[in-house]
Amino acid sequence: MSNINCVLRTVLLLLVVGFLLTCALVCRAATLAVPDAEALLKRSDAYRNGWPSYVLRVKITHYESGKADEDKLYEVSQKGTERTYVEFLSPREKGEHLLMLGDDMWVYLPDTSRPVRITPLERLNGDASNGDVARTNFSVDYSAVYLRTEKIGAENCYVLDLTAKRKGSTYQRILYWLRVEDARPVRAEFYLTSGKHIKSATFDEYVTVNGRSRLLRWTLYDEIRHNSNSVLEYSNIAPRELPDKLFYQGRTDRF
Amino acid sequence: MRLLWAIPVMLTLCAGRIAVLAQDSAPPELRSDFRYSFAAIDDATFDSSLRPPLPAAATMLKDPSVTLLQNQLLLEPSFTLRYRSRWSVAASAVGRAESFHGLSVAEFDVPSGDAAAAAALGTALEPYTGTRTQLRVKESYAGLSAGDFDFTLGRRIVRWGTGYAFTPAGVLDPPRVPTNPTDRLNVNVGRDMIKADWVHGPHALSLAWSSAALMPASANLHDTIAFRYNILMHGFDTSLIAGDDRAGDAFGGVTFTRVFGQAWELHGEGVWREQGAVVMGAKYTTSCGVSFIGEFYTPPNIAYYRDMSISPSAGRQHYAFLYAGKSRLRELPGWKQWDLAASIVENLNDRSSTVIFDATRRFGSHFSSYLHLEIPEGGKGSEYGATPYSAASSAGVRFQL
């Protein structure tokens, strides 16, 4: 009888230990399956930034009902995550410049020959706003939460919910699809403070520059007027040493 | 055996070195960079019910509602050449050809046989008749960038003021005309100066000495030495300005701009030059992109600030400016090529004002057309009521390269 009791106690003990181990393994697996949203967001920013300071050109072509309507050309200089300087190169806007320092923005207009302080609402002007061109570090402007994993075409994607954490953010909320294997941006939806879904984006083409994969072309779709979209194409992408003076708001010597 | 171990170690070291070199090294900057622009503007301005200043001998216009047509063709080339981000050379000019129609001696009742009266009348009408050409150098300067310092020598347009229609702190700025604050025809000219700027982090110091030797006497400028300290702190873009006009006044002032929330921008200037002058202004942007600007300005009645039409005994003046405008009227085809704006500037002392309307329409990337309307109101002795026309309408075409 005592032998049977020992056996039974041993079996019971093994069952309990086995159950606890299984619970621990299941919990660990669950933790591993939820990705670190903030880390993913930071990793995805590298496709649109990638260097401490760099210069590139952006060509924005706007389409109405499938036909090219207008195009604009900019040269963007960025240093760190807080300083962006944009020179307008299209004939109509030649001589205009835009400077962003954190949440503060100035426009330099040739008519006024001095920096003009502009408000966040003045950034949302046009099909592709100044913020779409100048603010490319989502990890600085938004906090991220993982929502789910889903398939977009043939790509498995993490879906992140980004919420603006500073007043300089162009949009109040972004839904962001990132490729599972390398956090490469695939798609995005942009929302205003009112909750209105104002734009969507697809990240269409990438190129390797100096050993890094960089975004080459993406498309912004107007969710208010569904027959309107803008294509942003990057070129002349290069890391470059940029002086701090370039990002001084009082500088009137704009090139 | 040791050699066999050394080979993979050396290969690893070489690969690491290549990776480091390829990763973050910034390539050398372009040797030189060149920017240019060219604008051509054809402007036709109609001055309705023009009342030119006449000598006593000319009694009255045969047709009191004479309309003067002024046609201007402006050519505005500019270029900037930068070498290795260190040296720069820039120049811009405006060539103007203007002609007048609609006013001549024949419009007036000059006593017959009075040759002297006819000659005096012809002299008085000279600014409103004939054809003239003019070439003005707007900017022409060389610059050197050395570390945190920038040095400039030559003619430059500098704007230290923060006001939109009024700027007492713009001690080196071109004259700011409240009915034309953006210099819509781009004819403002810079000042000849030597300037040094030091920029380090959020701090900037500027020291400028400007000469009036080459400026026309009508510009009423003095040799000026001016200093500015500028800092961006907690969202406030603030400047302290001090200086002295040779054979004139010493001055000091402060300016600031700040954005609040999503839609508000506040700006202000306070300057002491014999007496104090203050500008306070605000800009509000609606969610649909309409901008409203309001400014209040009070200058002392001293020679530096006084308009020609204001009496020296009139005391301190007060002005208000209001503006509403939207670029890209609506984000729809055919609408987004339009910009509209309206503004009013009023002398609160004599209740005279000028209302301004602007409409611009863009065609493609290079062309635009515009309408500009100014309507002065007020008594004959008031600042804006003394304007010699009842309305000025301008229409023009602009080509930009």
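Nothing here was measured: the structure is a model prediction, and the numbers come from that model.

1. What about the overall build of chain A?
Summing up its helical and strand segments, chain A has 4 helices and 13 strands in all. With 255 residues in all, chain A has 54% of them scored as buried. Within chain A, contacts between residues separated by at least 24 positions form 47% of all contacts whose residues are at least 6 apart in sequence. Roughly 11400 Å² of accessible area belongs to chain A as shown, and the carbon and sulfur atoms make up 57% of that amount.

2. Some points on the interface of chain A and chain B
Reports often express the size of an interface as the amount of accessible area lost when the parts come together. Each partner contributes residues to the interface: chain A has 49 residues there, and chain B has 66 residues. Carbon and sulfur atoms supply 45% of the area buried between chain A and chain B, which totals about 4700 Å² over both sides. Here chain A and chain B share 7 salt bridges between them. The shortest N-O distance in the salt bridge between Lys336(B) and Glu70(A) comes to 4.0 Å.

3. A closer look at the packing of aromatic side chains
For the coordinates displayed, the defined rule picks out 23 aromatic pairs over all chains. Ring centres of Tyr164(B) and Phe321(B) lie 5.6 Å apart, and the angle between their planes is 40°; on these two criteria the pair is classed as tilted. With Tyr164(B) in the loop between strand E5 (149-156) and strand E6 (191-200) and Phe321(B) in strand E14 (residues 319-327), this pair connects stretches of sequence that are 157 residues apart. A centroid spacing of 5.7 Å and a plane angle of 55° characterise the contact between Tyr164(B) and Tyr323(B), whose relative ring orientation is tilted. Here Tyr164(B), found in the loop between E5 and E6, pairs with Tyr323(B), found in strand E14; they are 159 residues apart in sequence, far enough to count as distant. For the pair shown, Tyr164(B) and Tyr323(B) are each scored as buried. Members of the aromatic cluster, joined through ring pairs, are Tyr164(B), Phe166(B), Tyr297(B), Tyr319(B), Phe321(B) and Tyr323(B). Lys94(A) extends its terminal NZ or CZ atom over the ring of Tyr36(B), reaching a point 4.5 Å from the ring centre.

4. What to know about helix H2 (residues 37-45) of chain A
Residue and element names in this part refer to chain A. Along H2, the positions that sit buried rather than exposed are Ala37, Leu40, Leu41, Ser44 and Asp45. Seen along its axis, H2 keeps its buried residues to an arc of 140°; they face one direction. Close packing links the buried residues of H2 with helix H4 (138-141), strand E7 (142-152), strand E8 (155-164), strand E9 (173-179) and strand E10 (185-191). Its side-chain oxygen 3.2 Å from the backbone nitrogen of Glu38, Asp36 forms the N-cap of H2.

5. As for the confidence of the model for chain B
When pLDDT is low, close inspection of the predicted coordinates is not appropriate. Residue and element names in this part refer to chain B. In this model, chain B carries an average pLDDT of 85, and 89% of its residues clear a pLDDT of 70 or more. With pLDDT under 50 throughout, residues 11-28 is counted as low confidence; its partners more than four residues away or in other chains account for 15 contacts. Our summary of model confidence lists the complex with pTM equal to 0.82 and ipTM equal to 0.78.

6. A word on the side chain of Ser206(B)
All names here are of chain B. With respect to the element layout, Ser206 can be found in strand E7 (residues 203-211). There is a polar contact of 2.5 Å between the side chain of Ser206 and the side chain of Asp197. Excluding its chain neighbours within four sequence positions, the residues that come into contact with Ser206 are Trp160, Ala196, Asp197, Ala226, Phe227 and Arg228.

7. Observations regarding the nonpolar core
Most often, soluble globular proteins have nonpolar side chains that are buried together. Ranked by size, the top nonpolar core spans 44 residues in total, and within it Leu160(A), Leu162(A), Ile174(A), Tyr176(A) and Phe190(A) carry the most contacts. Top element by residues in this core is strand E11 (residues 197-209) of chain A. It accounts for 5 residues. Setting aside residues no more than four positions away along its own chain, Phe190(A) makes contact with Phe138(A), Tyr171(A), Arg173(A), Ile174(A), Lys196(A), His197(A), Ile198(A), Lys199(A), Ser200(A), Ala201(A) and Leu220(A). Within the second largest apolar cluster, 27 residues are counted, among which are Val271(B), Ile293(B), Tyr305(B) and Tyr319(B).

8. Some points on the pattern of salt bridges
What the rule picks out here adds up to 34 salt bridges over all chains. A salt bridge links Arg273(B) to Asp245(B); the nearest nitrogen and oxygen atoms lie 2.6 Å apart. You can see Arg273(B) sitting in strand E11 (residues 264-273) and its partner Asp245(B) sitting in strand E9 (residues 236-245), a full 28 residues away along the chain. When sorted by exposure, Arg273(B) lands in the same class as Asp245(B), which is buried. Salt bridges sharing partners connect three or more residues here, namely Glu64(A), Asp69(A), Glu70(A), Arg92(A), Asp222(A), Arg225(A), Arg328(B) and Lys336(B).

9. Digging into unusual backbone geometry
You will see that Ser65(A), though not glycine, has its phi angle at about 50°, which is positive. Tracing the backbone through its elements, the reader meets Ser65(A) in the loop between strand E1 (53-64) and strand E2 (67-79). Of note in this structure, Asn186(B) is not a glycine but carries a positive phi near 60°.

10. Focus on the pairing of E10(A)
All names here are of chain A. For E10, the tally of buried residues reaches 6 of 7 residues, placing the bulk of the element in the interior. Pairing analysis gives 6 bridges linking E9 to E10, with the strands arranged antiparallel. Following the sheet pairing, Tyr176 is matched in E10 by Ala188. Bridging between E10 and E11 involves 5 bridges; their strand directions are antiparallel. Within E11, the residue paired with Glu189 across the bridge is Ser200.

11. A few points about helix H2 (residues 115-125) of chain B
Residue and element names in this part refer to chain B. What H2 keeps buried is the set Ala117, Leu121, Ala124 and Leu125. Each buried residue of H2 sits inside an arc of 90° when the element is viewed along its axis, so together they form one side. Seen from the open side of H2, the exposed residues pointing more than 90 degrees away from its buried face are Ala115, Ala116 and Thr123.

What counts as what
Residues numbered from 1 in each chain as written. Chains lettered and ligands numbered in written order. Predicted model: local features only at pLDDT ≥ 70, side-chain atom pairs only at ≥ 80, totals over all residues. Heavy atoms only, no water. Helix = DSSP H or I, 4+ residues; strand = E, 2+ residues; numbered from the N terminus. Buried < 20%, exposed > 50% of the residue type's maximum accessible area, 1.4 Å probe, protein only. Contact = heavy atoms within 4.5 Å. Areas by Shrake-Rupley, 256 points an atom, 1.4 Å probe, with all protein chains shown as cover. Buried area = accessible area lost by both parts, 1.4 Å probe. Salt bridge = Lys/Arg side-chain N within 4 Å of Asp/Glu carboxyl O. Phe/Tyr/Trp six-rings, centres within 6.5 Å; stacked < 30°, edge-to-face > 60°. Lys NZ or Arg CZ within 6 Å of the ring centre and 35° of its normal. Arc of directions from axis to C-beta. Polar contact = N/O pair within 3.5 Å; in protein donor to acceptor, adjacent residues only side chain to side chain. pLDDT = per-residue confidence, 0-100. Core = buried A, V, L, I, M, F, W, Y, C linked by side-chain atoms within 4.5 Å. Pairing = 2+ DSSP bridges.

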